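Structural description and commentary
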Amino acid sequence: MVQRIEMSSVSRRDILKFAGAGACTALATSLLPGLAMADAKLAAESIKKITGGKTPTMGKVTLELPQIAENGNTVPVGVDVDSPMTDADYVKTIHILADGNPLPEVAVFKFSPASGKAKAATRMRLAKTQNVIAVAEMGDGSVFMAKTEVKVTIGGCGG
Amino acid sequence: MAKVKARVKSPKSVKKGEVFQVKTLISHKMESGRRKNKKTGENIPRMIINSFACNYNGKEVFASDWHPAVSANPYMAFHVRAVDSGTLDFMWKDDSGKEYKKSAKIAVT
């Protein structure tokens, strides 16, 4: 009974307004993934540049990251690659990329067999919740990759 | 710019063949070039440390290239395998070409 009264009090104009607002939010949500895609595309391009067109294999690389980063200005990031680090088998470089940052490249670590361990850590800025990617290039030219999502509460891009 | 202070933490003595960790920290604003001056609305020019290297008795063992996404006061931790007693030389270089250096002694037993 109550419901029927409410229904009758909603004018045609109200319904149109509501439908309009709905369309707006639909448009916004369809646009936003599009923007995120643009950044991911930049990151994909950088990966292609690093690997020289080779498809990286998932595995061997471990990313140490917090699940939730409260402050996007300093997010600790560690990377570890399973390798004996001998002259015959070692990790040459590790690239760290953040696919939601305006510039996806974060840092490049260059190792040598004298490093003993392909493990490094630093701190980075993350603009928003996004994927962090590590691409490791081995001495023999093979490429390995790891990807982890980090949730960022406050972005670290100044403002 | 305020005086840049570099700090390095590495073991004083290690056994031959052992892999040890080196931690470094340097005070630097790492101006990303994307921040705006709130009064004038102009971009603050980029000024970051773009490269870091560690030499062990004159031979490069670890190096890193940094982009604007590296945090202010950059921290860097990595590993080195002990071969001979000697020095670890650290070098940071920023966009103006300025170099910051620090070295640490290491005894290998």
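The following paragraphs examine the structure supplied in this document. What you see is a predicted model; the values in this text were computed from it and never measured.

Focus on the interface of chain A and chain B
With 30 residues of chain A at the contact, the number on the chain B side is 29 residues. Summed over both sides, the interface between chain A and chain B buries roughly 2,400 Å², with carbon and sulfur atoms accounting for 51% of that surface. Contact with chain B buries area across many residues of chain A, yet A:Lys110, A:Arg123 and A:Arg125 alone supply 26% of it, more than any other trio. Scanning the region where chain A abuts chain B turns up one salt bridge. At the junction of chain A and chain B, the tally comes to 20 residue pairs in polar contact (both at pLDDT 80 or more). Secondary structure elements with two or more residues in the side of chain A that touches chain B: strand E6 (105-111) and strand E7 (118-124) of chain A. Broken down by element, the residue count for the side of chain A that touches chain B peaks at seven residues, all from E6(A). Partitioning the side of chain A that touches chain B into residue classes produces 15 nonpolar, nine polar and six charged.

Some thoughts on the sheet that holds strand E2 (residues 61-64) of chain A
Pairing is antiparallel across the open sheet formed by six strands, whose spatial order is E2(A)-E4(A)-E7(A)-E6(B)-E3(B)-E1(B). Here the strands that pair on one side only, and so sit at the sheet edges, are E2 of chain A together with strand E1 (6-9) of chain B. Ignoring strand direction, the axes of neighbouring strands in this sheet form an average angle of 15 degrees. For strand E4 (residues 75-81) of chain A and E7(A), the ladder comprises seven bridges, and the chain directions are antiparallel.

Things to note about the pairing of strand E7 (residues 86-94) of chain B
All names here are of chain B. Looking at chain direction, strand E4 (residues 49-56) and E7 are connected through seven bridges and run antiparallel. Bridge assignment links Ala53 to a residue of E7, and that residue is Met91. Across eight bridges, E7 lies against strand E8 (residues 99-108) in antiparallel orientation. Of the residues in E8, the one forming a bridge with Leu88 is Ala104. Hairpin connection from E7 to E8: four residues lie between these consecutive antiparallel strands, with Gly97 at a positive phi of about 90 degrees.

Some thoughts on the side chain of B:Ser64
By secondary structure assignment, the location of B:Ser64 is in strand E5 (residues 59-66). On the basis of relative accessible area, B:Ser64 is assigned to the buried category, the value being 1%. Separated by 2.8 Å, the side chain of B:Ser64 and the backbone oxygen of A:Val108 make a polar contact. Excluding residues that lie within four positions of it along the chain, B:Ser64 makes contacts with A:Val108, A:Phe109, B:Asn50, B:Ser51, B:Phe52 and B:Met76.

Topic: the nonpolar core
Residues and elements named next belong to chain A. The biggest cluster of nonpolar side chains holds 59 residues, and the ones touching the most others in it are Ile94, Ile96 and Phe109. The contact partners of Ile94, leaving out residues within four places of it in the chain, are Val79, Val81, Ala107, Val108, Phe109, Phe111, Ala118, Ala134, Val135 and Ala136. Judged by nonpolar contacts, the second largest core, of seven residues, contains Ile47, Leu97, Ile133 and Val143.

Considering the environment of A:Arg123
Tracing the backbone shows A:Arg123 in strand E7. Residue class for A:Arg123 comes out partly exposed when judged on its relative accessible area of 32%. Taking the C-alpha atoms as reference, A:Arg123 lies 13 Å from A:Val108; in sequence the two are 15 residues apart. Ignoring any residue separated from it by four or fewer positions in sequence, one finds A:Arg123 in contact with A:Val75, A:Pro76, B:Leu25, B:Val70, B:Ser71 and B:Tyr75.

The rules behind these values
- Residues numbered from 1 in each chain as written.
- Chains lettered and ligands numbered in written order.
- Predicted model: local features only at pLDDT ≥ 70, side-chain atom pairs only at ≥ 80, totals over all residues.
- Heavy atoms only, no water.
- Contact = heavy atoms within 4.5 Å.
- Buried area = accessible area lost by both parts, 1.4 Å probe.
- Salt bridge = Lys/Arg side-chain N within 4 Å of Asp/Glu carboxyl O.
- Polar contact = N/O pair within 3.5 Å; in protein donor to acceptor, adjacent residues only side chain to side chain.
- Helix = DSSP H or I, 4+ residues; strand = E, 2+ residues; numbered from the N terminus.
- Nonpolar A, V, L, I, M, F, W, Y, C, P; charged D, E, K, R; others polar.
- Pairing = 2+ DSSP bridges.
- Axes fitted to C-alpha atoms, helices over the stretch in contact; angles between N-to-C directions.
- Buried < 20%, exposed > 50% of the residue type's maximum accessible area, 1.4 Å probe, protein only.
- Core = buried A, V, L, I, M, F, W, Y, C linked by side-chain atoms within 4.5 Å.

Purely geometric stuff here, so don't read any function into it on its own.
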